[in-house]
Amino acid sequence: MTVLRYGGTGAAGTGGGSWRKWWALGAMVASMLVLGFDMTILNVALPTMAHDLGASTGQQQWMADVYIVVFAALMLPAGLLGDRFGRRRMLVAGLGIFLAGSVMGALVHSVALVIVARGVMGVGAALVMPLAMAILPSLFHEPADRAKAVGIISASSALGVPLGPIVGGWLLGHFWWGSIFVLNVPMVVIGIASCLILLPETTDPAAPRIDLVSAACTAIGFGSFVYGVNEASGRGWGDPLVLATLAAGVAFIAVLVLRGRRQQRPLLDTALLRHRAFLLNAVAATLVMFVMSGLLFLLPGYLQTVLGNSTLGTGVRMLPLMGGLLIAARGSGPLVSRFGARGVIGGGLVVVAFATLLGSRTGVGDGYGFTALWLSVAGIGTGFAMIPAMDAALGALSKDRAGSGSGLLMTVRQAGSAIGIALLGTLLATTYGSRLDTSALPAAAAHAARESVVGAHGVAHRAGLPGLASDANAAYVHGLDMALLVCAATALATAVLVMVLMPRVRADVGAAGSGSMDTGLADAPGPGARAADASVPDAVHSPGRARQ
């Protein structure tokens, strides 16, 4: 059973007026935007920071990667912390930790301390991301409202990714590199104040004590795995460091699973994965993230180097993908009410497959207009697939498992994102290197040209070889096309998986008359809380506990 406590007259409870929950959602949107910013904003500042701080290439990579690695490693225990100690309390604590890391990053003047600051920010982000999702079922009891809220949260998080280079480019043009950290401060302060005023506190009194051994296995296992996958895109899958970190990650996660089988409430709750509705929706959301993260990683190289746009211009040209997501965030609810989640998710995945298949026809002479067209379609399909999948996965959980279940969902999504970047990045790099003819170049120049299209342009500029730049552009576009074909195949295979295996849920036409989809949320009052289709399983509950 979930316990809700309302902090004063401003709490977003049932008696506080429906407008309060939307103001509370606005506070979480601001927080999620900041998290999205910090996935990409540092990339713009790295050259300036490397010059001012004397950072090597390896140190620059650590400054960028440590945030993502820590973020992925700690999301799972963060969900259980929220269940035990209060989701609002831990969400505010996460924002406070993120704020401390941002202030530290703005004030320090050494590479090591910048890396530490980014790690601290990753700790805070790991608390914020899953708990912001976990609070939604307590704020939005109507499935239609919850679906809309999930869409808004998902879109705001994704929107921060392309906005990072845009905002970062503007800040670096007017201020010093520390301004990219200062940007977080006012937004996080507003987020903390809004959460304290507007959000209800929810806890699970039956949540177990934190198992430190399991928490350590989680952090080391997922951290090692995500780090190994990230490194594979640059080092190659056969590199000893990559193999060692991947093996260590798998080993620690296996220990975590085996240990959890002897516990009533394990940190990695595999019982959630035996729940078909949760598992299939989580798989669908993860594979959509695989595709979207690959697009966000691969397209900037094409837009910036091949088409010759600035960093700021590249970020702007990524916005059609986010525009499609926002359209889907607004339109997914009515479609789910009419056709059910399975139909909308499957249809969205088919649209993604069509868009990426269309994108795989990109030629080196095509302009931005063609890219904007298929990117917009991909954004719409991504939104219609991911938003109902996320909402249905959350709706399959009882409220007392919202923290741990959301933590598992976000951890799996983050792993899918890292794997998408690594696999698609490796495919593009391999195709590019094999396609580019550097036999006439000296060994050092040939190596630099094969490393990246940016390196090839640098060699071409220094050696006065415009033909090399053209050949490099053609090789990069060919590699991009191959990666987009893989995206199309992945999306289509996931659509088939969803349509064949996902349980059908009909629209709920209860007393409210909203026509919204009932997801079987355990704590919802009245008979309308049960799914209209008998094939839909009950929400996931704690083992050995009575169903509410």
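This structure is a prediction, so every number in the text was calculated from the model and none was measured.

**Quick word on the overall build of the chain**
(1) Moving on: Of regular secondary structure, the chain possesses 18 helices and two strands.
(2) Moving on: Burial status across the chain gives 58% buried among its 548 residues.
(3) Moving on: Of the accessible surface of the chain, which amounts to about 20800 Å², a share of 67% is contributed by carbon and sulfur atoms.

**Observations concerning the packing of aromatic side chains**
(1) Moving on: A complete count under the given rule lists two aromatic pairs for this structure.
(2) Moving on: Between W170 and F175, the ring centres sit 6.0 Å apart and the planes meet at 65 degrees, which makes this aromatic pair edge-to-face.
(3) Moving on: For W170, a relative accessible area of 47% translates into the label partly exposed.
(4) Moving on: Between W177 and F181 the ring centres are 6.5 Å apart and the planes differ by 80 degrees, which places this aromatic pair in the edge-to-face class.
(5) Moving on: Its guanidinium or amino end placed over the ring of Y368, R317 lies 5.7 Å from that ring's centre, counting from NZ or CZ.

**Looking at the confidence of the model for the chain**
(1) Moving on: A residue-level look at the chain finds 78% of positions with pLDDT of 70 or above and a mean pLDDT of 75.
(2) Moving on: No element of the chain has a lower mean pLDDT than strand β1 (residues 3-5), which averages 47, and none a higher one than helix α18 (residues 466-501), which averages 90.
(3) Moving on: Note on residues 506-548: pLDDT is under 50 here. Beyond four places in sequence and across chains, it has 97 contacts.

**Looking at the environment of L441**
(1) Moving on: You can see L441 is positioned in the loop between α15 (402-435) and α16 (443-451).
(2) Moving on: The class of L441 is buried, set by a relative accessible area of 18%.
(3) Moving on: Distance in space between the C-alpha atoms of L441 and A463 is 9.7 Å, their sequence separation being 22 residues.

So, how was this worked out
Residues numbered from 1 in each chain as written. Predicted model: local features only at pLDDT ≥ 70, side-chain atom pairs only at ≥ 80, totals over all residues. Heavy atoms only, no water. Helix = DSSP H or I, 4+ residues; strand = E, 2+ residues; numbered from the N terminus. Buried < 20%, exposed > 50% of the residue type's maximum accessible area, 1.4 Å probe, protein only. Areas by Shrake-Rupley, 256 points an atom, 1.4 Å probe, with all protein chains shown as cover. Phe/Tyr/Trp six-rings, centres within 6.5 Å; stacked < 30°, edge-to-face > 60°. Lys NZ or Arg CZ within 6 Å of the ring centre and 35° of its normal. pLDDT = per-residue confidence, 0-100. Contact = heavy atoms within 4.5 Å.

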